[in-house]
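Here's the letter readout for the chains.
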Amino acid sequence: MTETIAVVGATGIQGGGLVRAILADPARRFAVRAITRNPNGAAAQKLADAGAEVVAADLDDEDSLRKAFDGVYGAYVVTNYFAERTEAEVAARSAADMELEQAGNAARAARDADVRHVIWSTLEDTRPHFGDTDRVPTLDDGRYKVPHFDAKSEADDLFRQAGVPTTFLRTTFYYENLVDSLGPARDADGHLVLTLPMGDSPINAIAVEDIGRTALGIFGRGEEFIGRTVAIAGQALTGAELAATMSDVLGEPVTYAPHDWDAFRSFGFEGAAEFGNMFQYYAENHEQFTRDRDLDLVRELNPQLQSFREWFTEHHTELAR
């Protein structure tokens, strides 16, 4: 009998990537249970049509998760710090508190359903790097430097405390961001300019589909990675290298002119301070961040791992230019 993997957030970015990877797996190693709050929505129906079992559950409802996890071999758990929320929901709890509560619900539900292998999608804690310094602002009532990193890292302990057999999958910046809001834009003279605030430091990035394929590779290795942290990326490239690749693929020059971190934090859009801190962390900590990512292991788990050039060659038409 084929074992089943339950995927939280199956219609979202990471969860959707894993559902597609399981369904496309030529070895058909697992069946997939797609967990979503809206099983009747178009995205959920598309997964059902492709062969997924679609089940309703909510990360804020521990009992619904336990039922959704019933009988599965494994579960992929990801929370969305940036989920759209009403004003009342924002007033009731911070996004970091939401993630911590949701992670705790998932951990206890997986324990109670006797799930044999959980992959928890997490990130580094940036606070040890920044220490007590005030050179970057402290956010979320003085608790975090980069809340969507730090809270996920805090939540690691919730899976350990629940006694859930867990692999801690540390992800990173998405290639997809580079054809979206953080991609090159035209300046006043009509030239494409990439302003990613990384200075001369490389950024580790990955395609979303490769997160899913790598998670499938981990599940496929059985118990080997339980209790371990696996940090992943597709490639580490400087802003200048990213711009050069974009220039080659697009057939027109892309200039790299990075914002500095203070300027980025001052832009005033929601999350500007947090993202400015994030890029400063990526840049200042790039040596350790890169060392922690064994790309040979990632390729072993996911032989289809894409370089940025490979990915951008396929997706450059998505860039608004």
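Data block above holds the structure.
Residues numbered from 1 in each chain as written. Predicted model: local features only at pLDDT ≥ 70, side-chain atom pairs only at ≥ 80, totals over all residues. Heavy atoms only, no water.

## Considering the packing of helix α1 (residues 13-24) against helix α8 (residues 208-220)
Formally: Comment: axis = line fitted to C-alpha atoms, over the contacting stretch for helices; angle = value between 0 and 180 degrees taken between N-to-C directions. Labels follow the DSSP assignment, with helices taken as runs of H or I lasting at least four residues and strands as runs of E lasting at least two, numbered in each case from the N terminus. Roughly parallel refers to an angle under 35 degrees, roughly antiparallel to one over 145, roughly perpendicular to one between 65 and 115, and oblique to any angle outside these ranges. Crossing handedness: left-handed means the near helix sits turned counterclockwise from the far one by under a right angle, and right-handed means the same turn made clockwise. Here, two residues are considered to be in contact whenever any of their heavy atoms come within 4.5 Å of each other.
The contact between α1 and α8 brings their axes to 7 Å, and the two run at 60 degrees. Classified by the angle between their axes, α1 and α8 sit oblique to one another. With respect to the hand of their crossing, α1 and α8 are arranged in right-handed fashion. Where α1 approaches α8, its residues Ile13, Gln14, Gly17, Leu18, Arg20, Ala21 and Ile22 are matched on the opposing element by Val208, Glu209, Ile211, Gly212, Arg213, Ala215, Leu216 and Phe219.

## Regarding the packing of aromatic side chains
This is how the line gets drawn: Side-chain rings of Phe, Tyr and Trp, where Trp is taken by its six-membered ring, are said to pair if the distance between their centres is within 6.5 Å; with planes under 30 degrees apart they count as stacked, over 60 as edge-to-face, and otherwise as tilted. Accessible area is worked out with a 1.4 Å probe on protein chains only. A residue is then buried under 20% of its type maximum, exposed over 50%, and partly exposed in between. Any Lys NZ or Arg CZ found within 6 Å of a ring centre and within 35 degrees of that ring's normal is scored as a charge over the ring.
According to the stated counting rule, one finds 20 aromatic pairs in the structure shown. Measuring from ring centre to ring centre gives 4.9 Å for Tyr81 and Phe82, while their planes differ by 75 degrees; the resulting arrangement is edge-to-face. In this structure Tyr81 comes out as buried when scored by relative accessible area, which is 13%. A relative accessible area of 44% means that Phe82 is categorised as partly exposed. Both rings, one in Tyr175 and one in Trp311, keep their centres 5.7 Å apart while their planes meet at 45 degrees; by these two values the pair is tilted. With Tyr175 in the loop between β7 (173-174) and β8 (185-186) and Trp311 in helix α14 (residues 308-315), this pair connects stretches of sequence that are 136 residues apart. Like Trp311, Tyr175 is buried. One aromatic cluster is present, built from ring pairs that chain together Phe130, Phe149, Phe173, Phe264, Phe267, Phe269, Phe279, Tyr281, Tyr282 and Phe289. Here the basic side chain of Arg160 rests over the ring of Phe168, its NZ or CZ set 4.5 Å away from the ring centre.

## Some thoughts on α8
Worth spelling out the cut-off: Expected helix span is taken as 1.5 Å per residue step, with the number of steps being one fewer than the number of residues.
For α8, with 13 residues, the first-to-last C-alpha span of 19 Å sits near the 18 Å given by 1.5 Å per residue. Burial runs high along α8: ten of the 13 residues are buried. All of the buried residues along α8 are Val208, Asp210, Ile211, Gly212, Thr214, Ala215, Leu216, Gly217, Ile218 and Phe219. Where α8 ends, the next residue or the one after it, Gly222, has phi of about 70 degrees, a positive value.

## A closer look at the sheet that holds strand β10 (residues 202-206)
Quick reminder of the rule: When DSSP locates at least two bridges between a pair of strands, those strands are taken to pair.
If you walk across this open sheet you meet the three strands as β7-β10-β12, and the pairing is mixed. Two strands in the sheet have a free side with no partner beyond their single neighbour: β7 and β12 (235-238). As defined by bridge partners, β7 adjoins β10 across two bridges and the pair is classed as parallel. Bridge assignment links Tyr174 to a residue of β10, and that residue is Ile206. Contacting β10 and β12, helix α9 (residues 239-250) runs over the sheet at an angle of about 95 degrees to β12.

## Considerations on the pattern of salt bridges
Put simply, the test is: What makes a salt bridge here is a side-chain nitrogen of Lys or Arg within 4 Å of a carboxyl oxygen of Asp or Glu, nothing more.
Tallying each qualifying case throughout the model produces 26 salt bridges. Between Arg127 and Glu154 there is a salt bridge, with the nearest N and O atoms lying 3.1 Å from each other. Taken together, the positions of Arg127 in helix α6 (residues 127-130) and Glu154 in helix α7 (residues 147-162) put the pair 27 residues apart, joining distant regions of the chain. When its relative accessible area of 23% is taken as the criterion, Arg127 is described as partly exposed.

## Things to note about the sheet that holds strand β11 (residues 229-231)
Sheet architecture is open: seven strands sit in the order β3-β2-β1-β4-β5-β6-β11, paired in parallel fashion. Both outer strands of the open sheet, β3 (53-56) and β11, are each paired with one neighbouring strand and no more. On average, each strand axis in the sheet is inclined to that of its neighbour by 20 degrees, with strand direction left out of account. Where strand β2 (residues 30-36) meets β3, four bridges bridge the pair, whose relative direction is parallel. Paired with Ala34 across the two strands is Val54, which belongs to β3.

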